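Structure assessment
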Amino acid sequence: MKKIVCILIALTVFTSSMFAKNRFFDSRFLELEANIPMQISNNYFSYGDIKTGEDLVIDLEKMADTLPASGLESIAAAQMNTGIRLNLFGCSIGAFVGLDLTGKVNIGKNFFDFLGKGYSVGEEAVFDMDLDMDVFLTSKVPVSLDIRRLKVCIEPTLFVPLVNMSVVDARAVAQNTNDGLISVNGSALLNVYSIADYTTLYSKETGFCSSEISNVISDSVNGKYFGFDLGGSFNYRLSDMLMITSGFQIPIVPGTLSYSTAIKGSFEYETTLMDAMQGNNPDGLKKEFSVGEVEKVERKIHRPLKFNIGAQVCPFCDDWFTVNMMAGVGIKHPFSKLSGDIEVFPEYKLGANLSLASILKANLMTACIDQSFIQQAGFGVSIRFIELNAGVSTQGVSFYDSLRGRGLGAYVTINVGI
């Protein structure tokens, strides 16, 4: 009988410890941290359509019927950073450097309508394309402070814009003529803004020029290209079951891109339907491609402006199981004076986190972040001196696309410390 009682007591203590906050496994005084998240998505092709070792077969007529009115869209993003963090008496301070990349491509639906269904004789088909990409180098110093029920996190960030690419005008026109000819002509203008004149940094004859690279680094350190924004959050615990959360990222000083290059391309193609089907008439294609001179033109650019508000619910009055929710809005290229450069987008998160004795962790989340819809599952393990968190997600440019697996994402976070 005594053995049974001892076993029951031991099980009770073990179970209680699994669902209680264990500071020994949860906190480190000094830690190194590395975050590596990456994602890519689109609104048509799913993972099942692309099988290793098999040819990708595209039904153009079906694609024309099923694509949304916005056309074929694709989004890619990566926000990688690494740094050090000091945790002491309810406060923490860190220093991180990282790379922030976002890109979006859109091809108009008319292009796929033409390929899949064709057009009537004499009718013109007009195709549009859009592209936008930003790459930033970031350096931030996150600071957090617990003041009774209030937790304040401030994240001042210095950033250097490395590259901005955008399509100013990309359009093609196709037409079936009365005499049986198919004519297609198009042109595109891509503006590339950069931190440096790439022609002085590298050449085929001499390779990389170390002196010019040193000059760029020196100018960056001296603040010539730096921008600044202020991020952070305010979290207030109303009770053991509910905490109100809020977050922000406010652009203050724009970064500077000092050089611009115009890349132009155009083509004309004329053939008959029979020659097009048989792959004949290669001489019917006329094309031109040119890379303009690098010009010293300054462009001021911000990282996105963001605001959100949310809540964390602890149904069992402890944080071994929490439900998190957030809704917010973002504005890409705020304060830009270029036509069509400003883009407003919504953001949200809804997820659940499970932590057993702060050793084993798991999470499920549905979200829309930086215009990508995400369905994510993650897992983590902490053994005091090292913590590893990893997860995978299906993604898409809409909620439906993310459920269909029309994009993939993954993240890995490693913390090592004492």
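Figured I'd write up the structure that's included with this text. Since the model is a prediction, treat every value here as computed from it, not as a measurement. (Residues numbered from 1 in each chain as written. Predicted model: local features only at pLDDT ≥ 70, side-chain atom pairs only at ≥ 80, totals over all residues. Heavy atoms only, no water.)

1. A look at the packing of aromatic side chains
A complete count under the given rule lists 7 aromatic pairs for this structure. Look at Phe 136 and Phe 159: their rings are 5.5 Å apart centre to centre, the planes differ by 90°, and that puts the pair in the edge-to-face class. Of the two residues, Phe 136 sits in strand E4 (residues 124-140) while Phe 159 sits in strand E6 (residues 150-176), which places them 23 residues apart along the sequence. The residues Phe 136 and Phe 159 share a single accessibility class, namely buried. Through pairs of rings, three or more aromatic residues link up here, namely Phe 316, Trp 320 and Phe 321. (Phe/Tyr/Trp six-rings, centres within 6.5 Å; stacked < 30°, edge-to-face > 60°. Helix = DSSP H or I, 4+ residues; strand = E, 2+ residues; numbered from the N terminus. Buried < 20%, exposed > 50% of the residue type's maximum accessible area, 1.4 Å probe, protein only.)

2. A word on the side chain of Asn 81
With respect to the helices and strands, the residue Asn 81 is situated in strand E2 (residues 72-88). Its relative accessible area of 17% is what places Asn 81 among the buried residues. Of note is the side chain of Asn 81, whose polar atom sits 2.8 Å from the side chain of Asn 35. Once residues lying within four places of it in the same chain are set aside, the contact partners of Asn 81 are Glu 33, Ala 34, Asn 35, Phe 96, Val 97, Gly 98 and Lys 140. (Polar contact = N/O pair within 3.5 Å; in protein donor to acceptor, adjacent residues only side chain to side chain. Contact = heavy atoms within 4.5 Å.)

3. Describing the pairing of E6
Here 5 bridges tie strand E5 (residues 143-147) to E6, and the two strands are oriented antiparallel to one another. The residue bridging Ser 144 from the neighbouring strand is Cys 153, located in E6. If you look at the hairpin formed by E5 and E6, you'll find 2 residues sitting between the two strands, and Arg 148 has a positive phi there, around 55°. Of the pairings in the sheet, the one linking E6 to strand E10 (residues 227-237) comprises 10 bridges and is antiparallel in character. Counterpart to Val 152 in the pairing with E10 is Phe 234. Strand direction decides the pairing type here: E6 and strand E7 (residues 181-194), joined by 13 bridges, are antiparallel. Looking across to E7, one finds that Met 165 is bridged to Val 192. (Pairing = 2+ DSSP bridges.)

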